[in-house]
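# Tertiary structure, described
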Amino acid sequence: MAVSVFCNSCLCEPRKPTPRFCLTSCGHVFCEVCLQKGKKDECLVCRSACRTLVLSKETSPDIQSLFMPIDVLNKKYSKEISQVSEFQEKYRNRLLKYHKQKVAKLEESLKKVTQQIQQLQ
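The shown structure was predicted, so the numbers you read here are calculated from the model rather than taken from an experiment.

### Here's the deal with the UniProt feature "domain: RING-type" (unreviewed entry) in the chain
Feature annotation in UniProt assigns "domain: RING-type" (unreviewed entry) to the following positions: residues 7-47. With 15% helix and 17% strand, residues 7-47 has end C-alpha atoms that lie 15 Å from one another.

### Brief notes about the nonpolar core
Generally speaking, nonpolar side chains in soluble globular proteins are found buried as a group. Of all hydrophobic cores here, the largest spans 15 residues; its most connected members are Cys7, Phe21, Leu23, Val29, Cys31, Leu55 and Phe67. Among the elements that line this core, the one with the most residues is strand E2 (residues 29-31), at three residues. Those residues in contact with leucine 23 that lie beyond four places of it in its chain are His28, Val29, Arg51, Thr52, Leu53, Leu55, Ile63, Leu66 and Phe67.

### What about the sheet that holds E2?
Taken together, the three strands give an open sheet; going across it, the order is E2-E1-E3, and neighbouring strands pair in antiparallel fashion. The strands lining the two open edges of the sheet, one partner per strand, are E2 and strand E3 (52-54). Strand-to-strand, the axes of this sheet are offset by a mean angle of 30°, without reference to chain direction. Taken together, the three bridges between strand E1 (residues 21-24) and E2 define a ladder with antiparallel strand orientation. Opposite cysteine 22, over in E2, you have phenylalanine 30 as the bridge partner.

### Quick look at the environment of threonine 52
Mapped onto the elements of the fold, threonine 52 is located in strand E3. What makes threonine 52 partly exposed here is its relative accessible area of 45%. Each C-alpha atom, one on threonine 52 and one on valine 72, is 26 Å from the other, the two residues being 20 residues apart in sequence. Leave out the neighbours within four places in its chain, and threonine 52 touches Cys22, Leu23, Thr24 and Leu35.

The rules behind the values
Residues numbered from 1 in each chain as written. Predicted model: local features only at pLDDT ≥ 70, side-chain atom pairs only at ≥ 80, totals over all residues. Heavy atoms only, no water. UniProt positions renumbered as here; feature names shortened; annotations may be inferred. Helix = DSSP H or I, 4+ residues; strand = E, 2+ residues; numbered from the N terminus. Core = buried A, V, L, I, M, F, W, Y, C linked by side-chain atoms within 4.5 Å. Buried < 20%, exposed > 50% of the residue type's maximum accessible area, 1.4 Å probe, protein only. Contact = heavy atoms within 4.5 Å. Pairing = 2+ DSSP bridges. Axes fitted to C-alpha atoms, helices over the stretch in contact; angles between N-to-C directions.

Right under this line is the structure:
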């Protein structure tokens, strides 16, 4: 994990031998030493009921991304965002082209009907 991880209780950082660190469902990070001192299923910071997830290399990519530097995340997702944006722009352009053609046909029909009415008068 690229961004500095530290315990929200004792402020220790990973070291060797490294105590395991956990992320709570309320968004706090604790070392296993502090977690053992607290109440089970209760956050040491906000005192709310919570679940914990051990942080490791096997942690899901969604959770790992919380600890990635913003510039790395930006590079990772900018290509995907660009592809989505290009797709949506092409999609809108196709729809716009269809409606423009439809309007042009309706205008042509209106013009013909207007001319027919003028001829009848």
